[in-house]
Amino acid sequence: MAMEPGDYSAIVCRAPDRLRIVNAHDDIVEVVRNALEMGPVPFTFYYKSKATCAFKMQGSPFMAQGCNQDTTIEIKRVVACALKKLQEISWHVVTNTDIGKLSTNSCIFLRRILVTDQITKNKLSRDGNIFTFSPSGISNILLIDVPHHIEKDLVDGISALCSVKDYKLLENVEGATITSRVSLSGFTWGATGDSAIAVRRMILEVIRMARRHKYDLVTNLNLKGTTDSLMFQHKMSLSDSPEDMFAMSLNRNDRLRLLCAPTYVVTTTEELVSDNWGVQGCKEKSGDCYEFKLYGTPWWADGETAVKSRFLIAVIIAKCKSLGWEVAATVDVSRKLNDKTVFIFRQCPPETQEWAVLSFHESDKMRFLSSTDTFMLSDGIDRILDAADATKTISYYWKAKQWTLRGVPFSGHSTYGVDQRLIIHLLSRIMKHFHKQGWRLVASADISAKYHSGNNNSYPLDTHSWFLLHDPDSLIMSEAFTNMDIDCEGCAGQDDEFENQIAVDEIKSERSKLRYFIRVVLPAAFIVFLILYYVYSIVL
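Residues numbered from 1 in each chain as written. Predicted model: local features only at pLDDT ≥ 70, side-chain atom pairs only at ≥ 80, totals over all residues. Heavy atoms only, no water.

### Details of the overall build of the protein chain
- Across its full length, the protein chain carries 12 helices and 26 strands.
- A compact globule built from 540 residues would reach a C-alpha radius of gyration of about 24 Å, and the protein chain, at 24 Å, matches this within 12%.
- Dimensions of the protein chain, computed from the C-alpha atoms along their principal axes, are close to 80 × 60 × 55 Å.
- With 540 residues in all, the protein chain has 58% of them scored as buried.
- Across the protein chain, contacts joining residues at least 24 apart in sequence account for 68% of those joining residues at least 6 apart.
- Accessible area of the protein chain: about 22,500 Å², with a carbon and sulfur share of 51%.
- On the protein chain, the mean spot of the 61 positive side-chain charges and the mean spot of the 64 negative ones are 6 Å from each other. (Helix = DSSP H or I, 4+ residues; strand = E, 2+ residues; numbered from the N terminus. Rg over C-alpha atoms; globule rule 2.2 N^0.38 Å. Buried < 20%, exposed > 50% of the residue type's maximum accessible area, 1.4 Å probe, protein only. Contact = heavy atoms within 4.5 Å. Areas by Shrake-Rupley, 256 points an atom, 1.4 Å probe, with all protein chains shown as cover. Lys, Arg positive; Asp, Glu negative; His and termini not counted. Charge placed at Lys NZ, Arg CZ, Asp CG, Glu CD.)

### Some details on the side chain of S249
- Structurally, the position occupied by S249 is in strand β13 (residues 245–251).
- Classification of S249 by relative accessible area gives buried; the value is 7%.
- Within the local environment of S249, its side chain forms a polar contact with the side chain of N251, the two groups lying 2.8 Å apart.
- If near-sequence neighbours (up to four positions away) are discounted, S249 is found in contact with R200, R255, L256, R257, T341 and V342. (Polar contact = N/O pair within 3.5 Å; in protein donor to acceptor, adjacent residues only side chain to side chain.)

### Side note on a nonpolar patch on the surface
- Nonpolar side chains collect at one region of the surface, where I527, I531, Y534, V535, I538 and V539 lie side by side and expose about 630 Å² of accessible area between them.
- Residue V535 is classed as partly exposed on the basis of its relative accessible area, which comes to 43%. (Patch = residues over 30% accessible without salt bridge, like charges linked within 9 Å, V, L, I, M, F, W, Y side chains within 5 Å. Salt bridge = Lys/Arg side-chain N within 4 Å of Asp/Glu carboxyl O.)

### What about helix α8 (residues 375–387)?
- Compared with the 18 Å implied by 1.5 Å per residue over 13 residues, the 18 Å span of α8 between its first and last C-alpha is a close match.
- Burial in α8 covers these residues: L377, S378, G380, I381, D382, I384 and L385.
- Remark: D389 follows α8 within two positions and exhibits a positive phi of approximately 55°. (Expected span 1.5 Å × (residues − 1).)

### Quick notes on the packing of α8 against helix α9 (residues 417–436)
- Two elements in contact, α8 and α9, have axes whose closest approach is 10 Å; the angle formed by their N-to-C orientations is 150°. On the basis of their axis angle, the class for α8 and α9 is roughly antiparallel. Both α8 and α9 take part in a crossing whose hand is right-handed. Residues M376, L377, G380, I381, I384 and L385 of α8 pack against L426, R429, I430, H433 and F434 of α9. (Axes fitted to C-alpha atoms, helices over the stretch in contact; angles between N-to-C directions. Parallel < 35°, antiparallel > 145°, perpendicular 65-115°, else oblique. Left-handed = near helix turned anticlockwise from the far one by under 90°.)

### Remarks on the nonpolar core
- One finds F133, F232, F343 and F467 to be the most contacted residues of the largest nonpolar core, which totals 77 residues.
- Residue contacts for F133: discarding those within four places in its chain leaves I141, L142, L143, I158, M202, I203, V206, S229, L230 and F232. (Core = buried A, V, L, I, M, F, W, Y, C linked by side-chain atoms within 4.5 Å.)

### A few points about the packing of aromatic side chains
- Within this structure, the stated rule accounts for 14 aromatic pairs.
- Ring geometry for F246 against F345: centres 4.8 Å apart, planes inclined by 5°, an arrangement best described as stacked. Here F246 is found in strand β13, whereas its partner F345 is found in strand β18 (residues 342–347), with 99 residues between them in sequence.
- You can call F246 buried: its relative accessible area is 1%.
- An aromatic cluster is defined as three or more aromatic residues linked by ring pairs; in this entry it consists of F43, F45, Y47 and F55. (Phe/Tyr/Trp six-rings, centres within 6.5 Å; stacked < 30°, edge-to-face > 60°.)

### A short note on empty space enclosed by the protein
- What the rule picks out here adds up to 7 cavities of 30 Å³ or more.
- For the largest cavity, the calculated volume is near 120 Å³.
- As for the largest cavity, its lining consists of 15 residues, of which I11, L19, V79, A82 and I108 are closest to the centre.
- Taken together, the elements giving at least two residues each to the lining of the largest cavity come down to β1 (8–14), α1 (26–37), α2 (69–88) and β6 (104–112).
- The biggest single contributor to the lining of the largest cavity is α2, with 4 residues.
- Of the residues belonging to the lining of the largest cavity, the class tally is 14 nonpolar, 1 polar and no charged.
- The volume enclosed by the second largest cavity comes to roughly 70 Å³.
- Looking at the second largest cavity, the residues that line it are L19, L36, G39, P40, V41, M57, F62, I75, V78 and V79.
- The dominant element in the lining of the second largest cavity, judged by the number of residues it contributes, is α2, at 3 residues.
- Taken together, the residues of the lining of the second largest cavity break down into 9 nonpolar, 1 polar and no charged. (1 Å grid on protein atoms, 1.4 Å probe; cavity = no way out; pocket = protein on both sides within 12 Å on 5 of 7 lines; lining within 4 Å. Points joined across faces, edges and corners; volume = space filled by probe spheres on them. Nonpolar A, V, L, I, M, F, W, Y, C, P; charged D, E, K, R; others polar.)

### Regarding helix α4 (residues 148–161)
- The terminal C-alpha atoms of α4 lie 21 Å apart, and with 14 residues this matches the ideal 20 Å at 1.5 Å per residue to within 8%.
- Inspection of α4 places I150, E151, L154, V155, G157 and I158 among the buried residues, and these make up the whole buried set. For α4, the arc enclosing every buried residue in end-on projection is 165°, short of the 170-degree limit, so these residues lie on one face. Exposed and facing more than 90 degrees away from the buried side of α4 are K152 and A160.
- Along its buried surface, α4 packs onto β7 (127–136), β8 (140–147), β9 (164–173), β10 (177–184), α5 (193–212) and β11 (215–221). (Arc of directions from axis to C-beta.)

Read these as layout, nothing more, since geometry by itself doesn't imply function.
What follows is the structure, given as structure tokens:
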């Protein structure tokens, strides 16, 4: 029996020095290994079990200030190369998620989509190399491998919105790409007020400009636990006509801002927030930016209030879709612990769709809520978790169902690495279950400003939330799924989804190996060390 899911995987960036693969399919492992061999950092490869593996890098490349600028650029080139090669063998990025409170940067979920229909292939297909927009340092931007005809437009666009102190050409591949560094003046990645608005407007313009040149956002990327980088690749199927876009950002503990949004979107959002939460006031800031001050602290919330804040964001996303605006990207653009996601919306055909949210809380809790009766979804989550014996208790918060999980899967602490790898595997199965029911993941976003600040370390108290829309018509599935009745009782696909526990057993076996190492190998090594030390002291 093959390991399930055979068509979902995740690449996890763990501070300070590890790149892990959960659902370690041979073709993905080979692509990542080949990409790393092209990079500047030596690494050691090892399997934790048949389900997961890791690449241990030399030094601390996945920590802030863990490596120099040149190494940072090369590592991002390695990731870009890996994602490009994976796309060529039909592995596509689904989302990038913050899955752990500590030492966990990006977790990129991948899905293999096998199709033969040429029209569908064209919708999926990207071509050429990936270029990267990478915030760096306090107020710098690295533009890595940007095509010549786009680089000048990007620099001009950045200069028009944020004051540029210095521009330095780092590398020029004649006739192909440019790598450069732009230093901003008076702006930082932790800026507040008008400067924060200008930075977000600049990010919006970068995405908009890339799409004008038919470069699609492949993923956001957080390699060092700081500001997201943006990775773009050419996509011929993008529309020739320029798309209008706007941004929605969550600020402080109680503010929601709309940037470059049309008037009717501002009006509708104000009505939604008033009906579903409560608005103290609305004011225009810095030209085309509108700020709503909400009652209470929706972004610093616990229990039912935390559920309601995610309900509010889901309602806004679904309403925007009905007005002809869909989420194009989510970005974390600040270095502050209480930073939250910026949502980028683009124009699309209007369509009314049901919504759902799966959110991750504290170290061991997962919650699900939706706008309609989604028994098939919540029952599927139950069955996936129960089959892995991962559920401790089930309870209800307002309109949400809550699972308290065994262990501390969202901690991120290295001591609980098996818990984290197991939940990533289970989330890949849950993601597959959502897709088979026609639900599309439209945003993985940080809604919480809550964080712990101590003497030794500081970290967020909640991780990301997944926002989904029921959108079976635009969700591209492998033809193996579209050619079978996925809703039937007891069909083969459903059996594998819940019953095949090979990967779960493999990951759980990693805990036994760790315990054996701690309880047997380490004490034995210590005893041998004492004996050798005693013999050495006698000889001397």
